[in-house]
Amino acid sequence: MSGSWDDRKKALEEDYFRRKEQEAVDKMRQKREAEQARANAIHCPKCEGTLMEITHEDVQIDRCDTCNGVWLDAGELERLTTREEDAGWLGRLVRSVSGK
């Protein structure tokens, strides 16, 4: 009878340590994934914040989560200003500045 209790205690102990090891592995994996995400993020040229991609008038633009600066890639300003509808505020602003 004593042998079966010892076997049971040993099995419970092994199960406990197996769960603890799995929790540690999961925690390390999550930490590594978070570090990779930070390393792969695009940083703001002004303040070194992280640029988040947002959609404005069907154009993907980058906005800083720290200073709220907006950064445009090649061709995005043209797509925002040359819309079929002339009612866009950005198009009106660019046309008024450029004199067109």
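Residues numbered from 1 in each chain as written. Predicted model: local features only at pLDDT ≥ 70, side-chain atom pairs only at ≥ 80, totals over all residues. Heavy atoms only, no water.

J.: I'd like a rundown of the overall build of the protein chain, residues and numbers included.
T.: Scanning the protein chain from terminus to terminus reveals three helices and three strands. Mapped in sequence order, the helices and strands of the protein chain form the string α-β-β-β-α-α. Looking at the protein chain as a whole, 13% of its 100 residues qualify as buried. Summarising the internal contacts of the protein chain: among those between residues at least 6 apart in sequence, 13% fall at separations of at least 24. When the accessible surface of the protein chain is totalled, it reaches about 8500 Å², and 53% of it is carbon and sulfur. (Helix = DSSP H or I, 4+ residues; strand = E, 2+ residues; numbered from the N terminus. Buried < 20%, exposed > 50% of the residue type's maximum accessible area, 1.4 Å probe, protein only. Contact = heavy atoms within 4.5 Å. Areas by Shrake-Rupley, 256 points an atom, 1.4 Å probe, with all protein chains shown as cover.)

J.: Can you lay out the pairing of strand β1 (residues 51-56) for me, pointing to particular residues and giving the numbers?
T.: If a strand is regular, its side chains alternate between the two faces of the sheet. When β1 meets strand β2 (residues 59-64), the two strands line up antiparallel, connected through six bridges. Among the inter-strand pairings, Met52 is bridged to a residue of β2, identified as Arg63. With antiparallel pairing between neighbouring strands as the criterion, β1 and β2 make up a hairpin whose turn holds two residues, including Glu57 at a positive phi of roughly 50°. (Pairing = 2+ DSSP bridges.)

J.: Go over the sheet that holds strand β3 (residues 70-71) with me, naming the residues and quoting the values.
T.: Judged by pairing direction, the sheet is antiparallel, and its three strands sit side by side in the order β1-β2-β3 without closing on themselves. Of all the strands in the sheet, just β1 and β3 have a single pairing partner and so form its edges. One ladder, built from two bridges, connects β2 with β3; its direction is antiparallel. Within β3, the position partnered with Arg63 by the bridge is Val70.

J.: Residues and numbers for the side chain of Glu76, please.
T.: Along the chain, the position of Glu76 falls in helix α2 (residues 76-81). Comment: no salt bridge for buried Glu76; closest opposite-charge side chain is Arg79, at 4.2 Å. Of note is the side chain of Glu76, whose polar atom sits 2.7 Å from the backbone nitrogen of Asp73. Leaving out residues up to four positions away in the same chain, Glu76 has contacts with Val59, Gln60, Ile61 and Trp71. (Lys, Arg positive; Asp, Glu negative; His and termini not counted. Salt bridge = Lys/Arg side-chain N within 4 Å of Asp/Glu carboxyl O. Polar contact = N/O pair within 3.5 Å; in protein donor to acceptor, adjacent residues only side chain to side chain.)

J.: Give a detailed account of the pattern of salt bridges, specifying residues and quantitative values.
T.: In the structure shown here, the tally under the stated rule is three salt bridges. The partner of Arg19 in a salt bridge is Asp15, and the shortest N-O contact between them spans 3.5 Å. On the criterion of helical spacing, the pair formed by Arg19 and Asp15 is a turn pair, its members being four residues apart in helix α1 (residues 2-40). Since its relative accessible area comes to 32%, Asp15 is described here as partly exposed. For Asp26, the salt bridge goes to Arg29, with nearest N and O atoms at 3.3 Å. Linking Asp26 with Arg29, this pair stays in helix α1, spanning three residues, or about one helical turn.

None of this, on its own, says anything about what the molecule does.
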